[in-house]
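One-letter residues, chain by chain:
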Amino acid sequence: MLTEIITAYNEAVFDTDRDRALEIIHQAVENGISPEDIVFQVVIPAMELMIKSISEDFDANLAQHFMASQIAAQVTDEMVAKFQKSPEIIGTVVIGTSHGDMHTLGKRIVSGCLRSLMIEVVDLGVNVAPEKFVDEALAHNSPIIAISSMMMHTARSELGCTKVREILKERNLEDKIKIVVGGAPYRWDPNLYKTVQADAWAEDGITAGKVIKDLMTGMRK
Amino acid sequence: MTTGMDRLVAAINGEKSDRIPVFCNLLDQGAKELGIATLKEYYSKGEYVAEGQLKMREKYGYDNLWSLFYVGKEAELLGCQKIIYAADGPPNVEDYVIKSYDDIAKLEVPDDIGSCPLFAEELKCLQILKREAGGKYPICAYITASMTLPAILMGMDKWFELLFFGPHEVRDELLTKCCNFFHKEVTAYRNAGADIILYANPFGSTDFVPMKQFHNLSMPWMKKDVEPLGTNDMVYYCGSSRMNNVIDPVFEQLNIKTYYLSPNDDVAAGKKAVANRGLTWGVINDIRLIDWSEDEVRCEVKRIIEAGMAGGKFGFGTLVMPYKIPERNIRVMLETAYEVGRY
Ligand code: B12
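Bear in mind the structure is a predicted one, so any value in this text is a computation, not a measurement.

## Here's the deal with the packing of aromatic side chains
Under the counting rule described, the total for this entry stands at 19 aromatic pairs over all chains. Geometrically, the ring pair formed by Phe-160 of chain B and Phe-203 of chain B is tilted, given 5.7 Å between the ring centres and 45 degrees between the ring planes. Taken as a pair, Phe-160 of chain B in helix α9 (residues 156-165) and Phe-203 of chain B in the loop between β6 (196-200) and α11 (211-226) lie far apart in primary sequence, 43 residues in all. Just as Phe-160 of chain B is buried, Phe-203 of chain B falls in that class too. Here a set of aromatic residues connected by ring pairs shows up, and it is made of Phe-66 of chain A together with Phe-160, Phe-164, Phe-165, Phe-203 and Phe-208 of chain B. Of note, Lys-224 of chain B hangs over the ring of Trp-221 of chain B, and the distance from its end group to the ring centre comes to 4.0 Å.

## Considering the packing of α9 of chain B against helix α10 (residues 168-191) of chain B
If you want to describe how two helices pack, look at the angle between their axes and the distance between the axes. All names here are of chain B. Running from N to C, α9 and α10 point in directions that differ by 120 degrees, and their axes come no closer than 8 Å. By the angle class used here, α9 and α10 are oblique. Two packed elements cross with a definite hand, and for α9 against α10 that hand is left-handed. Here Trp-159, Leu-162 and Leu-163 of α9 come into contact with α10, specifically with His-168, Val-170, Arg-171, Leu-174 and Leu-175.

## Considering empty space enclosed by the protein
Enumeration over the complete set of coordinates arrives at two cavities of 30 Å³ or more. Quantified by volume, the largest cavity comes out at close to 50 Å³. Taken together, Leu-68, Tyr-70, Val-71, Lys-73, Glu-74, Leu-77, Glu-122, Tyr-142, Glu-185 and Tyr-189 of chain B form the lining of the largest cavity. Residue assignment for the lining of the largest cavity shows that the elements contributing at least two residues are α5 (72-77) and α10 of chain B. If you tally residues by element for the lining of the largest cavity, the top one is α5 of chain B, at three residues. Space inside the second largest cavity adds up to approximately 30 Å³. Contributing to the lining of the second largest cavity are Met-152 and His-153 of chain A together with Asp-88, Pro-322, Tyr-323 and Lys-324 of chain B. Taken together, the residues of the lining of the second largest cavity sort by class into three nonpolar, one polar and two charged.

## Examining helix α6 (residues 130-139) of chain A
Residue and element names in this part refer to chain A. Within α6, burial applies to Pro-130, Phe-133, Val-134 and Ala-137. Viewed end-on, α6 has its buried residues packed into an arc of 90 degrees, placing them on one side of the element. Tucked inside the fold, the buried residues of α6 contact β1 (91-97), β3 (144-148) and α8 (161-170).

## Considering the interface of chain B and chain A
The partner chain A presents 26 residues to the 35 residues of chain B that form the contact. Considering only the surface of chain B that becomes buried against chain A, Asp-157, Phe-165 and Ile-287 of chain B emerge as the three largest contributors, covering 23% of it. Linking chain B to chain A there are five salt bridges. The shortest N-O distance in the salt bridge between Asp-189 of chain A and Arg-288 of chain B comes to 3.5 Å. When residues of the side of chain B that touches chain A are traced back to their parent elements, those giving at least two are β4 (92-93), α9 and α11 of chain B. Ranked by residue count, the leading element in the side of chain B that touches chain A is α9 of chain B, at seven residues. Looking at side-chain class alone, the side of chain B that touches chain A contains 16 nonpolar, eight polar and 11 charged residues.

## Some remarks on the sheet that holds strand β5 (residues 200-201) of chain A
Residue and element names in this part refer to chain A. If you trace the five strands from one edge of the open sheet to the other, you get β2-β1-β3-β4-β5, paired in parallel fashion. Two strands bound the open sheet, and with one partner strand each, they are β2 (119-123) and β5. Summarising the sheet, β3 and strand β4 (residues 178-182) pair through five bridges and their orientation is parallel. Residue pairing for β4: Ile-147 is matched across the bridge by Val-181. Taken strand by strand, α8 contacts β3 and β4, and its axis lies near 175 degrees from that of β4.

## Quick word on the confidence of the model for chain B
Counting all residues, the mean pLDDT for chain B is 97, and 100% of those residues have values of 70 or more. Both scores are available for the predicted complex, with the pTM at 0.96 and the ipTM at 0.93.

## Describing unusual backbone geometry
Omega for the bond connecting Gly-166 of chain B with Pro-167 of chain B falls within 30 degrees of zero, at 10 degrees, which places this linkage in the cis form. Counting through the fold element by element, Pro-167 of chain B comes out in the loop between α9 and α10. Not every positive phi belongs to a glycine, and Asn-141 of chain A is a case in point at roughly 55 degrees. As for its position among the elements, Asn-141 of chain A is in the loop between α6 and β3. The class of Asn-141 of chain A is exposed, set by a relative accessible area of 68%. Backbone geometry at Lys-313 of chain B places phi at a positive 50 degrees, although glycine is not the residue there. Its place among the elements puts Lys-313 of chain B in the loop between α14 (294-308) and β10 (314-317).

## Focus on the site of the ligand
Close to the ligand lie 45 residues, the nearest being Ser-148 and Met-152 of chain A together with Val-71, Val-93 and Met-156 of chain B. His-103 of chain A is positioned with one of its side-chain polar atoms (N or O) 3.0 Å from a nitrogen atom of the ligand. In the model, a nitrogen atom of the ligand is placed 3.3 Å from a nitrogen or oxygen of the Val-320 of chain B main chain. Examining the composition of the shell around the ligand, we find that four residues originate from one element, helix α5 (residues 105-116) of chain A, more than from any other. Along the lines of polarity and charge, the residues of the shell around the ligand split into 30 nonpolar, 12 polar and three charged.

## Quick notes on the packing of α6 of chain A against α8 of chain A
All names here are of chain A. The interhelical angle for the contact between α6 and α8, taken along N-to-C directions, is 50 degrees, at an axis separation of 8 Å. The angle between α6 and α8 places the two elements in the oblique class. Read as a crossing pair, α6 and α8 show a hand that is right-handed. Of the residues in α8, those in contact with Pro-130, Glu-131, Phe-133 and Val-134 of α6 are Lys-163, Val-164, Ile-167 and Leu-168. Grouping the amino acids of the contact of α6 with α8 by side-chain chemistry returns six nonpolar, no polar and two charged.

## Structural notes on the domain arrangement of chain A
Residue and element names in this part refer to chain A. Domain assignment breaks chain A into domain 1 (2-80) and domain 2 (91-220). Domain 1 and domain 2 are separated by 25 Å when their C-alpha centres are compared. Tallying the contact residues gives 20 residues for domain 1 and 15 residues for domain 2. In total, about 1500 Å² of surface goes out of reach between domain 1 and domain 2, with carbon and sulfur atoms giving 74% of it. If you sort the residues of domain 1 by the area they bury against domain 2, Met-47, Ile-51 and His-65 come out on top, with a joint share of 32%. Across the pair Glu-48 and Lys-213 runs a salt bridge, and its minimum N-O distance is 3.4 Å. Viewed at the interface, domain 2 and domain 1 are joined by three residue pairs in polar contact (both at pLDDT 80 or more). Of all the secondary structure elements, the ones that give two or more residues to the side of domain 1 that touches domain 2 are α3 (35-56) and α4 (62-80). Considering each element in turn, the side of domain 1 that touches domain 2 owes the most residues, 11 residues, to α4. Residues of the side of domain 1 that touches domain 2, tallied by class, amount to 14 nonpolar, four polar and two charged.

Definitions and limits used
- Residues numbered from 1 in each chain as written.
- Chains lettered and ligands numbered in written order.
- Predicted model: local features only at pLDDT ≥ 70, side-chain atom pairs only at ≥ 80, totals over all residues.
- Heavy atoms only, no water.
- Phe/Tyr/Trp six-rings, centres within 6.5 Å; stacked < 30°, edge-to-face > 60°.
- Helix = DSSP H or I, 4+ residues; strand = E, 2+ residues; numbered from the N terminus.
- Buried < 20%, exposed > 50% of the residue type's maximum accessible area, 1.4 Å probe, protein only.
- Lys NZ or Arg CZ within 6 Å of the ring centre and 35° of its normal.
- Axes fitted to C-alpha atoms, helices over the stretch in contact; angles between N-to-C directions.
- Parallel < 35°, antiparallel > 145°, perpendicular 65-115°, else oblique.
- Left-handed = near helix turned anticlockwise from the far one by under 90°.
- Contact = heavy atoms within 4.5 Å.
- 1 Å grid on protein atoms, 1.4 Å probe; cavity = no way out; pocket = protein on both sides within 12 Å on 5 of 7 lines; lining within 4 Å.
- Points joined across faces, edges and corners; volume = space filled by probe spheres on them.
- Nonpolar A, V, L, I, M, F, W, Y, C, P; charged D, E, K, R; others polar.
- Arc of directions from axis to C-beta.
- Buried area = accessible area lost by both parts, 1.4 Å probe.
- Salt bridge = Lys/Arg side-chain N within 4 Å of Asp/Glu carboxyl O.
- Pairing = 2+ DSSP bridges.
- pLDDT = per-residue confidence, 0-100.
- Near = heavy atom within 4 Å.
- Polar contact = N/O pair within 3.5 Å; in protein donor to acceptor, adjacent residues only side chain to side chain.
- Domains from an automatic or database assignment.

See below:
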């Protein structure tokens, strides 16, 4: 039955039909599935299935990434509020757009995907100074700094990712904190993340969830 | 001497001029060319932008001129007060005109853009371009489609929310205003002498929306945008997103005859989809020009042109060339295009 729910839910998400997706979830709750199972047996596996199909050949469009992230985050929030005891969080990520960059959609999609994977997200907003990325990561005990940029000059800016790297080096934090980047210019140049000295990048929101989760679990070992 | 306009007209008519038309979209680089210290100053005067455009075209020998300053100008015409400037990249909208749905009701579209004080510098730029190069080098205008414009009025994030989650009446009210603005803009640019209207709409690509929404949502609004205006001077452009799989419906339902492909579109397939009905542009992923070696640049230009040139009705072009591209690579790209694109 859970498999059927996952399939129906993912179909609704890919159809960008939020109402139907929510209806499927609410119906499942009514049928006695616990909020915990909805999150861990439906939403997370559904997200993982999406990650898998995207990495294989399914070419999801932006509206689908948006819907997947927003619906999953909404369902997760709704269900977590009903949990018997608070869920175990994998960890915290601080996210923001780089210096000079005002573009919030990429960050929002990535945040939604992370939240639905039980990763806490601290949103630092737009046009974030490099020092702030590092200070906030320390304050929230976050092993990941996530930086989103829509343009070439904001991705490569001297006050962007490269500066965050410099600060991590100076403060001897490179083992503790990793940098993940994303946004349009990285998609047009898959090597750009190396140029700006990030540890990883992801092409889209759903993949970002996987890359960050993997990085976090890897760092714990 | 063969001019850019000769090459473009020949390409449109399926005839052969000396070579294919080559469009190179240099914007911010004009400031450097004129020795103006900041982009803010460069974009403060239509004279500067016109001079920058003319100078760069002459220096490199490509075929088009731009009346576009930066896309955020459209938001300024609708009340945006804050633009963020950088030293090495395009100005961006910093503050959104629409902060709550109430602001949509308040949004006012100027009646006659041509006489708007905020349009005065662009008008001046267009007049100079027309005077100096009119009829010789096509003057391009960039205009954002109604479905995409809200991105710079309220931010993509809030726009996605309204677009997909509603309320639909509010969404349609905003789209109606943006469509009205689009009509006024096209009229103003045409009156001022623009030869080419780049119809910019990433939402006209299935990289953005599923095919079903392309048909149910994007297409009706694109029809409202372009139908009353005529499409002979319009170019279909999805902001660098792919379009090959929508060329047919766009042709049939909008009758737009020129397609500025994505670097991610297969050029030969795009050309085949347009068939003999119109003009296809093969477009280079110009972000890579920053780091590519000269050989890599040559190779890529050659690949694109060879995939589309046979049978004519083809041009070569760039996206919005990033500031960091070294001059050497701009020259290598253009020289290769002139050479490989020779008939
Ligand atoms: C839509 C669009 C527009 C729209 C709306 C822009 C806006 N948001 O304000 C319009 C038409 C108005 C526009 C205008 C401009 N644009 Co534009 N635009 C695009 C387009 C087609 C998509 C950008 C977008 O919003 N995508 C949606 C978001 C959600 O996608 P995304 O950022 O890629 O995010 C996904 C992934 O990258 C990833 N991700 C994002 N962030 C992060 C972070 C982390 C940590 C991770 C892991 C992953 C991740 O997940 C996301 C979800 O799947 C791109 C080309 C393209 N196909 O990418 C050009 C593009 C971004 N634009 C570009 C430019 C230059 C501009 C202008 C500056 C042009 C000008 N000279 O004025 C203006 C700026 C307008 C402004 N804001 O003032 C260039 C930038 C490259 C460059 N040359 O520097 C691009 C790449 C086009 C190109 N190749 O030339 N644009």
